Number of protein chains: 2
Amino acid sequence: MDKEKFLGEFEQFILLAILKLGDNAYGSSIRQLLSDTIERDVTIGALYTTLDRLEKKGLLESRMGEATAERGGRAKKYFKVSAQGQSALRRSKQALNSMWQGVALSEANL
Amino acid sequence: MDKEKFLGEFEQFILLAILKLGDNAYGSSIRQLLSDTIERDVTIGALYTTLDRLEKKGLLESRMGEATAERGGRAKKYFKVSAQGQSALRRSKQALNSMWQGVALSEANL
DNA sequence: ATAATAACAACTACAATGTAGAATATATTA
DNA sequence: TAATATATTCTACATTGTAGTTGTTATTAT
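Everything in this summary refers to the structure shown in the same document. (Residues numbered from 1 in each chain as written. Chains lettered and ligands numbered in written order. Predicted model: local features only at pLDDT ≥ 70, side-chain atom pairs only at ≥ 80, totals over all residues. Heavy atoms only, no water.)

### Let's talk about the protein's contact with DNA strand D
- What surrounds DNA strand D is a group of 34 residues, the closest being E11(A), G45(A), R53(A), R74(A) and Y48(B).
- Of what DNA strand D places within 4 Å of the protein, 58% of the atoms are sugar or phosphate.
- In this structure, a phosphate oxygen belonging to DNA strand D sits 3.2 Å away from a main-chain N or O atom of E9(A).
- Between a phosphate oxygen of DNA strand D and a side-chain N or O atom of Y26(B), the distance comes to 3.2 Å.
- Every element with two or more residues in the surface near DNA strand D is listed here: α1 (9-21) and α3 (44-56) of chain A together with α2 (27-37) and α3 (44-56) of chain B.
- With five residues, α3(A) is the largest single contributor of residues to the surface near DNA strand D. (Near = heavy atom within 4 Å. Polar contact = N/O pair within 3.5 Å; in protein donor to acceptor, adjacent residues only side chain to side chain. Helix = DSSP H or I, 4+ residues; strand = E, 2+ residues; numbered from the N terminus.)

Right under this line is the structure:
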């Protein structure tokens with residue numbers, strides 16, 4: 001049995017990005033979406049490391065793209081959020097939501 | 001200048017708990033609220049360690065309670081979220097919100 | 001053929017955050 | 001002054017976050 005832990009924030013971001021990208025989620029498209037959406041520059045190394053860990057934990061699945069694409073370079077590795085990944089996301093969101101419930105931040109330093 | 005990083009999830013939970021508790025935020029009340037709200041058992045050691053780090057980063061402020069309380073035991077240490085802590089919270093929330101934007105989880109495994 | 005280039009993924013190393021449990025401090029009460 | 005109650009601090013290790021470098025595999029130019 002798993003220890004039912006929550007996701008780290010970066011892990012959560014990556015999972016969400018993959019969900020959004022649908023069939024086109026691989027290293028650099030994920031990175032692109034991430035830096036477009038949040039204000040943080042993600043290095044490609046950091047990204048692949050986390051993708052690996054998420055896959056090992058069973059929250060992600062992957063398949064290699066066809067080697068014969070019409071472009072140069074190595075084959076892409078496409079990612080997909082597993083069912084387990086989806087429930088992890090759901091749990092994290094719920095926990096965050098209930099913690100935010102009733103909290104009002106002062107507007108002083110927007 | 002700070003490196004504008006995001007908060008870890010646990011850090012975020014703690015900050016929110018302190019905000020909710022207002023004038024009564026100290027070790028074990030924080031712990032209590034946390035385990036009531038999210039489904040995770042927080043050991044007291046883990047909690048104090050993170051409180052310390054948050055204070056060192058300037059996201060929390062603390063003061064010691066009066067030594068002469070009408071009960072046994074050591075003085076309480078009360079915490080309060082600093083202005084910097086509040087903006088960190090705000091930023092984390094915004095990032096999460098924009099990442100969740102448009103994501104629909106399947107209902108398969110609720 | 002083969003060198004150059006492009007598009008990727010994998011590896012390595014270290015810092016920051018998460019987690020637990022034991023140890024210590026300080027007050028009240030018997 | 002010992003026992004007990006209530007809290008915090010210390011120590012150690014696991015997991016996650018982050019960056020940079022290196023390796024792979026394809027296309028294109030010579």
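### What to know about the protein's contact with DNA strand C
- Around DNA strand C, the structure places 34 residues, and the nearest of them are Y48(A), K77(A), K5(B), G45(B) and R53(B).
- In the interface set of DNA strand C, defined as its atoms within 4 Å of the protein, sugar plus phosphate atoms amount to 59%.
- K77(A) is positioned such that a nitrogen or oxygen atom in its backbone is 2.8 Å from a phosphate oxygen of DNA strand C.
- Here a sugar or linking oxygen of DNA strand C sits 3.2 Å away from a polar atom, N or O, in the main chain of G73(B).
- Mapped by element, the contributors of at least two residues to the surface near DNA strand C are α2 (27-37) and α3 of chain A together with α1 (9-21) and α3 of chain B.
- Looking at which element gives the most residues to the surface near DNA strand C, the answer is α3(B), with five residues.
- Residue composition of the surface near DNA strand C, by class: seven nonpolar, 13 polar and 14 charged. (Nonpolar A, V, L, I, M, F, W, Y, C, P; charged D, E, K, R; others polar.)

### Description of the packing of α1(A) against α2(A)
Residue and element names in this part refer to chain A.
- Look at α1 against α2: their axes get within 9 Å of each other, and the N-to-C directions meet at 110 degrees. Taken together, the axis directions place α1 and α2 in an arrangement best described as roughly perpendicular. Between α1 and α2, the residues in contact are F10, F13, I14, A17, I18, K20 and L21 and S29, I30, L33 and L34, respectively.
- Here the residues of the contact of α1 with α2 sort into nine nonpolar, one polar and one charged. (Axes fitted to C-alpha atoms, helices over the stretch in contact; angles between N-to-C directions. Parallel < 35°, antiparallel > 145°, perpendicular 65-115°, else oblique. Contact = heavy atoms within 4.5 Å.)

### As for the interface of chain A and chain B
- Contact with chain A, which involves 32 residues of that partner, is made by 31 residues of chain B.
- Here chain A meets chain B over a buried area of about 3,200 Å², counting both sides, of which 65% is carbon and sulfur.
- Inspection of the chain A/chain B interface yields zero salt bridges.
- The tally of links between chain A and chain B comes to six residue pairs in polar contact (both at pLDDT 80 or more).
- For the side of chain A that touches chain B, the secondary-structure elements that each account for two or more residues are α1, α2 and α4 (83-100) of chain A.
- If you tally residues by element for the side of chain A that touches chain B, the top one is α4(A), at twelve residues.
- Among the residues forming the side of chain A that touches chain B, the class breakdown is 17 nonpolar, nine polar and six charged. (Buried area = accessible area lost by both parts, 1.4 Å probe. Salt bridge = Lys/Arg side-chain N within 4 Å of Asp/Glu carboxyl O.)

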